[in-house]
Amino acid sequence: MMKNMSKEFALALFMLAKEEEREHEYFDALGLVADVLTENPLYMDFLSSPRITREERGKALKEAFADLVPSNVINFLQLMSDEGQADNYYDCVAEYRLMMLQDNQISEAKVTSAVVLTEEEKNQLHDRLVKMSGHPVEMEYMLDENLLGGMIVQVDGKIIDGSLRTKLREMKEVIGK
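A brief structural summary. (Residues numbered from 1 in each chain as written. Predicted model: local features only at pLDDT ≥ 70, side-chain atom pairs only at ≥ 80, totals over all residues. Heavy atoms only, no water.)

1. Examining the overall build of the protein
Spelled out, the test is: Numbering of helices and strands starts at the N terminus; helices are DSSP runs of H or I of at least 4 residues and strands are runs of E of at least 2. It is over C-alpha atoms that the radius of gyration is taken, and the globule rule equals 2.2 Å times the number of residues to the power 0.38. Contact between two residues is taken to exist if any of their heavy atoms lie within 4.5 Å; hydrogens are not considered. What sets the accessible areas is the Shrake-Rupley method with a 1.4 Å probe; for residues, cover comes only from the shown protein chains.
Regarding its fold elements, the protein presents eight helices and four strands. Shown N-terminal to C-terminal, the secondary structure of the protein runs as helices and strands in the order α-α-α-α-α-α-β-α-β-β-β-α. For the protein, whose C-alpha radius of gyration is 21 Å, the value lies well above the compact-globule estimate of 16 Å for 177 residues. Here the contacts in the protein between residues at least 6 apart in sequence split such that 67% fall between residues at least 24 apart. By element, 54% of the accessible surface of the protein is carried by carbon and sulfur atoms, the whole surface being about 11,400 Å².

What follows is the structure in structure tokens.
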């Protein structure tokens, strides 16, 4: 249910940003606010506290962000606070990002590997995924030392499991039959 709320809030802001043709500007502003909230965890407590009045929160948000982000992003954060949803801010940012990627027909690939990939390996994988999907791909790389070898790639809702563990399991199944 919280994920749905995050999606609804993100969609409302994304639609507004799209109407104003400021999707990237709003996304950058959301990221800036997220950085500030991460650096100052007590600020999130402030935004979530029912003891702080709406007016006090609004004033504090304007003072903190008025010169840094568009007013609609401040209003968005105010609304989330007023609705008791401030704790879901990071989920909203993630949802907004996905909406922006989809709107721009950009895939997101999450690559989990057993070892750090070289730049050449990253470039080759990127090129193959672009060719496979037919449009730009944003890459995110993660390390999982629990993988015996190889990698797992998640892109466009598909999982390409090229891990050594999976290959060994498949080999065992073939041999065992």
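2. Some words on the pairing of strand S1 (residues 107-113)
To keep it simple, the criterion reads: The classification of residues rests on relative accessible area computed with a 1.4 Å probe and restricted to protein chains. Under 20% of the type maximum is buried, over 50% is exposed, and intermediate values are partly exposed. The pairing criterion for strands is at least two bridges between them, as found by DSSP. Crossover handedness is defined by viewing with both strands directed away from the observer: a clockwise path from the first strand over the helix to the second marks the crossover as right-handed.
Most of S1 sits inside the fold, with six of its seven residues counted as buried. As paired strands, S1 and strand S2 (residues 137-143) are joined by seven bridges and run parallel to one another. Across the sheet, Val-111 pairs through a bridge with Tyr-141, a residue of S2. As for the winding sense of the linkage, the β-α-β connection from S1 through helix H7 (residues 119-133) to S2 is right-handed.

3. Observations concerning the packing of aromatic side chains
To keep it simple, the criterion reads: Aromatic pairs are defined between Phe, Tyr and Trp rings, using the six-membered ring for Trp, whenever the two ring centres lie within 6.5 Å; interplanar angles under 30 degrees are classed as stacked, those over 60 as edge-to-face, and all others as tilted.
Inspection of every chain in the model, using the stated rule, returns six aromatic pairs. Both rings, one in Tyr-43 and one in Phe-65, keep their centres 6.2 Å apart while their planes meet at 80 degrees; by these two values the pair is edge-to-face. In this pair, Tyr-43 sits in helix H3 (residues 41-48) while Phe-65 sits in helix H4 (residues 54-65), placing the two residues 22 residues apart along the sequence. By the burial criterion, Tyr-43 is buried, and Phe-65 matches it. Relative to Tyr-90, the ring of Tyr-89 lies with its centre 6.0 Å away and its plane at 75 degrees, an arrangement referred to as edge-to-face. Here Tyr-89 falls in the buried class, since its relative accessible area comes to 1%. Through successive ring pairs, a cluster of aromatic residues spans Phe-14, Phe-27 and Tyr-96.

No statement about biological role is implied by the geometric values presented.
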